[in-house]
Amino acid sequence: MAMRTISYGLLIVVAIAAAGAEIPTSWTPEATLQVQGVGSVIPSPDGSLVAYTQTGVVVEDEKSEQLTHVFLARADGSRRYQLTQGEKGASSPAFSPDGQFVYFKSDRTGKSNLYRIPVDGGEAERLTDWKGAMGGYAVSQDGKWIAFAGRKESEDEEKAKKQKRDFRVVDEDAKNHALWLIPSATAAGGKREPKQLAAGPYHIGDFDWSPDSRAIAFSHQPTPLADDWTKSDISEVQVESGAVTALAATPAAELTPRYSPNGVWLAFKLSSDPPRWADDSRIALLRRESRAVRPLAVTYDERPTLVGWSKDSASILFTETQRTRGSVYAMPLDGPAKPVYEPDRGTTGSVDLNMTGSHLGVSWESSDEPVEAYLMSSAGGKPVRVSQANTDLPKLPLGRTETVRWKSKDGSEIEGLLTYPVSYKAGEKAPLILNIHGGPAGVFTEMFLGRHGLYPLAAFSAGGYAVLRPNPRGSSGYGKKFRFANYADWGGMDYQDLMTGVDHVIGIGVADPNRMAVMGWSYGGFMTSWIITQTDRFKAAVIGAPVTNLWSFTGTADIPGFLPDYFSGEPSKSFDLYRKHSPLAHVANAKTPALILHGEADIRVPISQGYEYYQALKRHGVTAKMVVYPREPHGPIEPKFRLDIMQRHIDWVEKYVR
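Bear in mind that the values here come from a model prediction, so they are computed numbers and not experimental data. (Residues numbered from 1 in each chain as written. Predicted model: local features only at pLDDT ≥ 70, side-chain atom pairs only at ≥ 80, totals over all residues. Heavy atoms only, no water.)

1. Observations regarding the nonpolar core
In terms of nonpolar packing, the biggest core is built from 64 residues, with L434, M527, I531, Y566 and L617 touching the most fellow members. Not counting residues within four places of it along the chain, the set of residues in contact with M527 comprises I436, G491, D494, Y495 and L498. By size, the runner-up hydrophobic cluster in this structure holds 32 residues, among which are L393, L454, Y455 and A540. (Core = buried A, V, L, I, M, F, W, Y, C linked by side-chain atoms within 4.5 Å. Buried < 20%, exposed > 50% of the residue type's maximum accessible area, 1.4 Å probe, protein only. Contact = heavy atoms within 4.5 Å.)

So, in structure tokens, the structure goes:
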């Protein structure tokens, strides 16, 4: 292998190329590594500047990592430059209230710490010397304070690690984050000693400064465990006294507190009672003076993500997916939500509001356009592109992607995205890839086909494949009823939604029924594992991080409350139901050659789920291979591993489908 260095925008990307190879003329897994990621698009308080993050990959002999840096541009996209530099990345940018500094997080010292840098550039100033874990941070409205969530690592913990006595007792000594405070001004001796502001028998997550900088509202749950989100409440701490008051503490989950600019209201996300894993939430409003709480109008998908308040305190801005597009909406204090930005194609990604509520920073991409950063008024209007992260990418050909709809077995309308082979001609029958999303409450949106990830969609299209990405019942983006329609029915009507989608693509003359493959990750891995026990119409299957045994998954995953919610009870009380919907229980029916891919450090879907299915396939004489990726969590991160995963998808399908 040989190395080549490519520059897109200003961030340097080092990608692998075969020795002597030329720059590709069509999409390959290697070509996707050139695509930059864009996120955290933060407008300055007056909207004249935008800070955003840009992420590339570094792939060298002993390196395989993603590198993120902060960029700065004027509101019209001019005078764009890379604000942070170096081999250690920077993330989570935020402006000072006067717009003179950009704050950011970086692990330049080996631990995550806070820094700030003048908008004119220069040396970054380190604000903390933190030795433990650090979560989110926020600058006060008056600019005098920075609050952050974090946990100090004690001397005893450090000593235990050195002495190899760092055992842990399950469910004891939760590593909860407290709320800490440092001044923005340098104290005597040049140090800013963090002051613990709020701590308790809980883990602090998201938080927000009051407009007068005298209080902080924060969400908290008993422990950092993913399963504990259902117990989230909201409290408020007074900065001067440290007094903590509970604001919202019901059996529902209360999350994402946001103060109104006039200080009258606190908005937050309120779940159903009890909270459900498929999520049915509303925006709630707390009047600070009386503590009275009332829910606002129901949103389209009943799954809003709060962004913040409009400048006049008249509405709460939020994002939500509708069908295959992410959009921005405004929820007034009375009445239904109104659109702020609904793209006519493509989808939004990250959406951030500036400190004054006047401007939004948005990342946007479409099936045929890579992601960039945009600025727009919080009142609406046309976004203005401010980044050039991917404008110099080679214009490699992409297959056309269109939205398709079909009727499922019970008459329900199902939607998905169909990508045609490059240079497809009407009447041609192409080999088909059925790609299934995770969740199950995930959703396929109109994202760029060439982005690097787990599935080489652009490369499949370049190789002559059609790709169907359905949004079966259980998906987000189609309303609460649709999202809850697969409760206690994994592998039931959602399976029929997928099969009728395949039939539709065959019926319109695009897919060759004798050359088809199926693949998916997480819940998509579950469904792929399930499909090959129900039908042998697919010639190849690639199964990523699959849930294959619902009983053992519940006992080993970091979300033990997940399936008991979806299946209305514990496995011990619903044994037959869990067995009925476990792919492992039906593995004797499988015949399709299967490739299983799993991260060794996956705690969401433990690798034992992959091993169980792999061993069962082998013992039943099914062609099977399993690849394990060390260090990798549920969603693989390291670029070399991602590259390998993409190539293995292609190789397995080429071997058994062509």
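What follows continues from the structure just given.
2. A word on the pattern of salt bridges
For the structure on display, the rule yields 33 salt bridges. Linking R345 and E369 is a salt bridge whose minimum nitrogen-to-oxygen distance equals 2.1 Å. Taken as a pair, R345 in the loop between β26 (338-341) and β27 (347-353) and E369 in strand β29 (residues 369-377) lie far apart in primary sequence, 24 residues in all. Note on R345: relative accessible area 34%, which makes it partly exposed. Residue R631 pairs with E638 through a salt bridge whose shortest N-O separation is 2.8 Å. (Salt bridge = Lys/Arg side-chain N within 4 Å of Asp/Glu carboxyl O. Helix = DSSP H or I, 4+ residues; strand = E, 2+ residues; numbered from the N terminus.)

3. Here's the deal with the pairing of strand β12 (residues 145-151)
β12 sits mainly inside the fold: five of its seven residues count as buried. The pairing of strand β11 (residues 133-139) with β12 spans five bridges and is classified as antiparallel. Note that in β12 the partner of V139 across the bridge is I146. Connecting the antiparallel pair β11 and β12 is a turn made up of five residues, with G143 showing a positive phi of about 80°. Sheet topology places β12 next to strand β13 (residues 178-183); six bridges connect them, and they run antiparallel. Across the sheet, the residue bridging to A147 is L181, located in β13. (Pairing = 2+ DSSP bridges.)

4. Some words on the confidence of the model for the protein
In the predicted model, the protein carries a mean pLDDT of 94, and the fraction of residues at 70 or more is 97%. In the model, residues 1-12 has pLDDT below 50 throughout and makes 54 contacts with residues more than four positions away in sequence or in other chains. For residues 14-21, every residue scores under 50 in pLDDT, and the model assigns this stretch 24 contacts once sequence neighbours within four places are set aside. (pLDDT = per-residue confidence, 0-100.)

5. A few points about the side chain of S408
On the secondary structure map, S408 appears in the loop between β31 (401-407) and β32 (413-419). Those residues in contact with S408, other than ones at most four positions away along the chain, are I414, R473, M493, Q496, D497 and T500.

6. Examining the sheet that holds strand β36 (residues 540-544)
Sheet architecture is open: eight strands sit in the order β31-β32-β34-β33-β35-β36-β37-β38, paired in mixed fashion. The open sheet terminates on both sides in strands that have one partner only, identified here as β31 and β38 (624-629). Pairwise comparison of adjacent strand axes, ignoring direction, gives a mean angle of 20° for this sheet. In terms of strand pairing, β31 meets β32 through seven bridges, oriented antiparallel. Along β32, the bridge assignment pairs T401 with T419. Together, β33 (430-436), β35 (511-521), β36 and β37 (594-599) form the strand contacts of helix α6 (residues 523-534), whose direction differs from that of β35 by roughly 135°. (Axes fitted to C-alpha atoms, helices over the stretch in contact; angles between N-to-C directions.)

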